[in-house]
Amino acid sequence: MAKSPEEEHPQKAFGWAARDSSGVLSPFHFSRRENGEEDVTIKILYCGVCHSDLHIVKNDWGFTRFPVVPGHEIVGVVTKTGKNVKKFKVGDRVGVGVLVGSCKKCDSCQQDLENYCPQVIFTYNSLYHDGTITYGGYSDAVVVEERYVLRFPDNLPPDAGAPLLCAGITVYSPMKYYGMTEPGKHLGVAGLGGLGHVAVKFGKAFGLRVTVISTSPKKEDEAINRLGADAFLVSSDPAKMKVAMGTMDYIIDTVSAVHALAPLLGLLKLNGKLVTLGLPDKPLELPIFPLVLGRKLVGGSDVGGMKETQEMLDFCAEHGITADIELIRMENVNMAMERLAKSDVRYRFVIDVANSLSQ
Amino acid sequence: MAKTPEEEHPIKAVGWAARDSSGVLSPFKFSRRATGEKDVRFRVLYCGICHSDLHMVKNEWGTSIYPLVPGHEIVGEVTELGSRVNKVKVGDKVGVGCVVGACHSCENCNNDLEVYCPKMILSYGACYYDGTVTYGGYSDTMVADERYILRFPENMPLDAAAPLLCAGITVYSPLKYYGLAEPGKHIGVVGLGGLGHVGVKFAKAFGAKVTVISTSSSKKDEALEHLGADSFLLSSNQEQLEASLGTFDGILDTVSAMHSILPLIGLLKSHGKLVMLGAPEKPLELPVFPLLMGRKMVAGSATGGMKEIQEMIDFAAKHNITADIEVIPIDYVNKAMERLAKGDVRYRFVIDIGNSLASSN
């Protein structure tokens, strides 16, 4: 008796969805709920393509519900506001990131850490309060409760700013939480993709010395001359790695493939901190001796709460930080996914939804 | 042209040393340096047997220099002072822990974190400033730079206090550093041995709710009745484990054998911290999803700086915290090592050096 995606809600909607774990996306008619008292309706202008979108459409993590409309780096314009909405008015430029709901009562929610709520609702592929599946930003419009909508600063370009809503907060939040912001300290960024390139920019904005750690020597020019990193370390070069041992205060590890932590831990000074942000599909090997003898830590982090995400956007507006993007049309999304799988993008695809999504 | 251990320094000393990786200890004559301007010499009364001593005598970490005189939970009575020593006087009760030297000019040294100095010198099996090997506390006399001398209050039983010099600081330091030493926190202690039992006592003194996590149900009574833990979790029991998921602010893992940390990460609340104190030789599996989804961390710690060790001793004195020990004569030491290897001790052996190691052979 379940209604079809087109029928389950009163407002027609259109987007691109993956139907199965081939991950191929194609046009998809569905529907959005009525704009409730606490909701805003957003006409989507741009949506970033996050690596998580790729993992989900291919069901890499085993919990995808098809059809799935990905997209959680959404920038758009408010077209409707519910009667209790205070923060926004029609015409405002806004953003929606990785979450669209939570319980609002637990310790995490009370501390503005909705992202760690055990009942967090993600922007796509999650069960909403009304039992329907959430559909993400590869679509024409979205209805979101006010609490989970961000004010998008006027001086941030909406296309290059879209990836901040996931990549940006994913890097900003742990840098603050784990105390990786002391000017003059040395930050290593492992992996130069969507997360990595933003980490370099935040690192410089916090006054850190930044070294990019990568397996590809050809990224060096980009890293130093365009992104502003201070140094580049080829992790597959044992001699260079040896010289760099014990020189970094912090490491942001953005690599999502299974990889060795031991060499990264070796790069850390005593009392150094490694934050791992990538989501490999198998456990990593963690050597304990370096942790014990060097009082080092390995921590995780997962996006950020609404308050901190807003703070991050405002910080980016103040420091002129945006992502480096390749703008694509909706119909090229499958090709973008293929290129993303090979890390062939500098450094985020962003879908020009408003100008290219047509029925 | 190297001098023998007996000849290299002017002051005669006796102790027990391991000669090779069999780890068997036997009487050993050697020598200590003369008391320098900043040195404190003391007559050793007691020395705790740390599990690290067992690892080292058997060269399990591959770094041992033989002959090896272990012992870094050393307590005794001051017999001689260097001319520029202010900290203690003759007759005072003092101790030396894991570290006897560092560079004193790096950032870590300047922040009272000598143990993290890249040039830190261990109390035994390490190379001292003068190029000679350091010998530890299974010996009759000890000399150390004033900076590395800890003071014990008169009312503290020296034998039961000796293990604080390694086991005590090893649990105290991370409880403070990782923000777990606060009333109301729920702390888990994995493994009930030398570190574990002292971990329970300190965590309770900080006002935490303490759960002992163990694979042996036989330790339950001890944990609850004797050590004052609030609860006991049998980690091999799936039901108990599941009922406790997401309930711990911090967990101190004192187990050095290979084991899975996945269930321990599951026991942590969001933003919880797993602190590794035992060091398994091989890497452990780190499940990344739960670490990220709950913003959890896995960290390590080992002993602490000199300032903090003194602070810990004073705290222990104030709260009547000492180790639970079995006092043994020096010639029992090999048997003690065998029993230690099987975890058969409640919970630290302490060698009664003063009464069993003759000052001259």
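These numbers were taken from a predicted model, which means no experiment stands behind them.

Caption draft 1: Structural context of the overall build of chain A. When helices and strands are counted, chain A shows 12 helices and 18 strands. Its C-alpha atoms give chain A a radius of gyration of 20 Å, near enough to 21 Å, the size a compact globule of 359 residues would have. C-alpha atoms of chain A, sized along the principal axes, occupy 60 × 40 × 40 Å. For chain A, with 359 residues in total, the buried portion stands at 61%. Partitioning the contacts of chain A with sequence separation of at least 6, the portion at a separation of at least 24 is 66%. A total of about 14100 Å² of accessible surface is found on chain A, and carbon and sulfur atoms cover 51% of it. Positive and negative side-chain charges in chain A, numbering 39 and 42 respectively, have mean positions lying 3 Å apart.

Caption draft 2: Structural detail: the overall build of chain B. The helix and strand inventory of chain B stands at 12 helices and 18 strands. Relative to the globule expectation of 21 Å for 361 residues, the C-alpha radius of gyration of chain B, 20 Å, shows essentially globular dimensions. Overall, chain B is about 60 × 40 × 40 Å in size when its C-alpha atoms are taken along their principal axes. Counting the 361 residues in chain B, one finds 58% classified as buried. The long-range fraction of contacts in chain B, counting pairs at least 24 apart against all pairs at least 6 apart in sequence, stands at 65%.

Caption draft 3: Looking closely at the pairing of strand E13 (residues 248-253) of chain B. All names here are of chain B. Counting buried positions over the six residues of E13 gives six, a clear majority of the element. With four bridges joining them, strand E10 (residues 186-190) and E13 adopt parallel strand pairing. What sits directly across from glycine 188, in E13, is isoleucine 251. The pairing of E13 with strand E14 (residues 268-276) spans five bridges and is classified as parallel.

Caption draft 4: View of the side chain of Ser214(B). Residues and elements named next belong to chain B. With respect to the helices, strands and loops of the structure, serine 214 is situated in strand E11 (residues 209-214). One polar contact links the side chain of serine 214 to the main-chain amide nitrogen of serine 216, over a distance of 3.0 Å. Residue contacts for serine 214: discarding those within four places in its chain leaves Lys219, Phe232, Leu233, Leu234 and Ser235.

Caption draft 5: Region of the structure containing the pattern of salt bridges. Tallying each qualifying case throughout the model produces 38 salt bridges over all chains. Between Arg348(A) and Glu73(A) there is a salt bridge, with the nearest N and O atoms lying 2.7 Å from each other. Note that Arg348(A) is positioned in strand E18 (residues 348-351) and Glu73(A) in the loop between helix H1 (51-57) and strand E4 (74-81), a separation of 275 residues in sequence. Both residues of the pair, Arg348(A) and Glu73(A), belong to the buried class. The closest approach of N and O atoms between Glu77(B) and Arg43(B), which form a salt bridge, is 3.7 Å. You can see Glu77(B) sitting in strand E4 (residues 74-81) and its partner Arg43(B) sitting in strand E3 (residues 39-49), a full 34 residues away along the chain. A single salt-bridge network, built from bridges that share partners, covers Glu182(A), Lys185(A), Asp249(A), Lys269(A) and Glu107(B).

Caption draft 6: Structural detail: the UniProt feature "domain: Enoyl reductase (ER)" (unreviewed entry) in chain A. Following the UniProt record, the feature "domain: Enoyl reductase (ER)" (unreviewed entry) maps to residues 23-351 of chain A here. Structurally, residues 23-351 of chain A comprises 26% helix and 27% strand, and the distance from its first C-alpha atom to its last is 17 Å.

Caption draft 7: Examining the pairing of E11(B) more closely. Residues and elements named next belong to chain B. Within E11, five of the six residues are buried, leaving the element largely enclosed by the surrounding structure. Sheet topology places E10 next to E11; five bridges connect them, and they run parallel. Within the sheet, the bridge partner assigned to glycine 188 lies in E11 and is threonine 211. Viewed along the sheet, the connection from E10 through helix H5 (residues 194-205) into E11 turns out right-handed. In this sheet, strand E12 (residues 231-234) lies alongside E11 in parallel orientation, the contact comprising four bridges. By the bridge assignment for E12, serine 214 is matched with leucine 234. Taken together, E11, helix H6 (residues 220-226) and E12 form a β-α-β motif whose crossover is right-handed.

Caption draft 8: Structural view of the nonpolar core. Core analysis: the biggest nonpolar cluster contains 205 residues, and Tyr138(A), Phe202(A), Leu286(A), Phe202(B), Ile261(B) and Val298(B) have the highest contact counts within it. Of the residues forming this core, the biggest block, seven residues, is contributed by helix H10 (residues 306-318) of chain B. In contact with Phe202(B), other than residues within four places in its own chain, are Leu164(B), Gly168(B), Val171(B), Tyr172(B), Leu175(B), Met312(B), Phe315(B), Ala316(B) and Ile321(B). With 45 residues, the next largest nonpolar core counts Val100(B), Ala144(B), Ile328(B) and Ile353(B) among its residues.

Caption draft 9: Spotlight on the interface of chain B and chain A. Listed as interface residues are 37 residues of chain B and, on the opposing side, 36 residues of chain A. The contact between chain B and chain A buries some 3200 Å² in all, and 67% of this surface belongs to carbon and sulfur atoms. Where chain B touches chain A, the interface holds one salt bridge. Top contributing element to the side of chain B that touches chain A by residue count: helix H9 (residues 288-293) of chain B, with five residues. Residue composition of the side of chain B that touches chain A, grouped by class: 24 nonpolar, eight polar and five charged. Where strand E15 (residues 284-286) of chain A lies against strand E15 (residues 284-286) of chain B, three bridges are found, and the strand directions are antiparallel. Residue pairing for E15(B): Leu286(A) is matched across the bridge by Leu284(B).

Caption draft 10: Here's a closer look at the packing of aromatic side chains. Under the counting rule described, the total for this entry stands at 23 aromatic pairs over all chains. Each residue in the set Tyr172(A), Phe202(A), Phe206(A) and Phe315(A) is aromatic and connected to the rest through ring pairs, giving one cluster. One Lys or Arg, Arg295(A), reaches over the ring of Tyr177(B) and ends 3.6 Å from the middle of that ring. Across from the ring centre of Tyr177(A), 3.5 Å away, lies the NZ or CZ of Arg295(B), which sits over that ring.

Caption draft 11: Region of interest: helix H11 (residues 333-341) of chain B. Residues and elements named next belong to chain B. Residues of H11 that are buried: Val333, Ala336, Met337, Arg339 and Leu340. Projected down its long axis, H11 shows its buried positions confined to an angular sector of 165°, all on one face. Just beyond H11, the residue with positive phi is glycine 343, at close to 70°.

Caption draft 12: Geometry of the UniProt feature "domain: Enoyl reductase (ER)" (unreviewed entry) in chain B. Using the residue numbers shown here, the UniProt feature "domain: Enoyl reductase (ER)" (unreviewed entry) corresponds to residues 23-351 of chain B. For residues 23-351 of chain B, the end-to-end C-alpha separation is 17 Å, with 26% helix and 27% strand making up the annotated structure.

Caption draft 13: Representation of the environment of Gly76(B) within the structure. Residue and element names in this part refer to chain B. Mapped onto the fold, glycine 76 is located in strand E4. The class of glycine 76 is buried, set by a relative accessible area of 0%. With near-sequence residues (within four places) excluded, glycine 76 lies in contact with Phe42, Arg43, Val44, Leu45, Asp92, Lys93, Val94 and Leu158.

About the thresholds
- Residues numbered from 1 in each chain as written.
- Chains lettered and ligands numbered in written order.
- Predicted model: local features only at pLDDT ≥ 70, side-chain atom pairs only at ≥ 80, totals over all residues.
- Heavy atoms only, no water.
- Helix = DSSP H or I, 4+ residues; strand = E, 2+ residues; numbered from the N terminus.
- Rg over C-alpha atoms; globule rule 2.2 N^0.38 Å.
- Buried < 20%, exposed > 50% of the residue type's maximum accessible area, 1.4 Å probe, protein only.
- Contact = heavy atoms within 4.5 Å.
- Areas by Shrake-Rupley, 256 points an atom, 1.4 Å probe, with all protein chains shown as cover.
- Lys, Arg positive; Asp, Glu negative; His and termini not counted.
- Charge placed at Lys NZ, Arg CZ, Asp CG, Glu CD.
- Pairing = 2+ DSSP bridges.
- Polar contact = N/O pair within 3.5 Å; in protein donor to acceptor, adjacent residues only side chain to side chain.
- Salt bridge = Lys/Arg side-chain N within 4 Å of Asp/Glu carboxyl O.
- UniProt positions renumbered as here; feature names shortened; annotations may be inferred.
- Right-handed = clockwise from strand over helix to strand, strands pointing away.
- Core = buried A, V, L, I, M, F, W, Y, C linked by side-chain atoms within 4.5 Å.
- Buried area = accessible area lost by both parts, 1.4 Å probe.
- Nonpolar A, V, L, I, M, F, W, Y, C, P; charged D, E, K, R; others polar.
- Phe/Tyr/Trp six-rings, centres within 6.5 Å; stacked < 30°, edge-to-face > 60°.
- Lys NZ or Arg CZ within 6 Å of the ring centre and 35° of its normal.
- Arc of directions from axis to C-beta.

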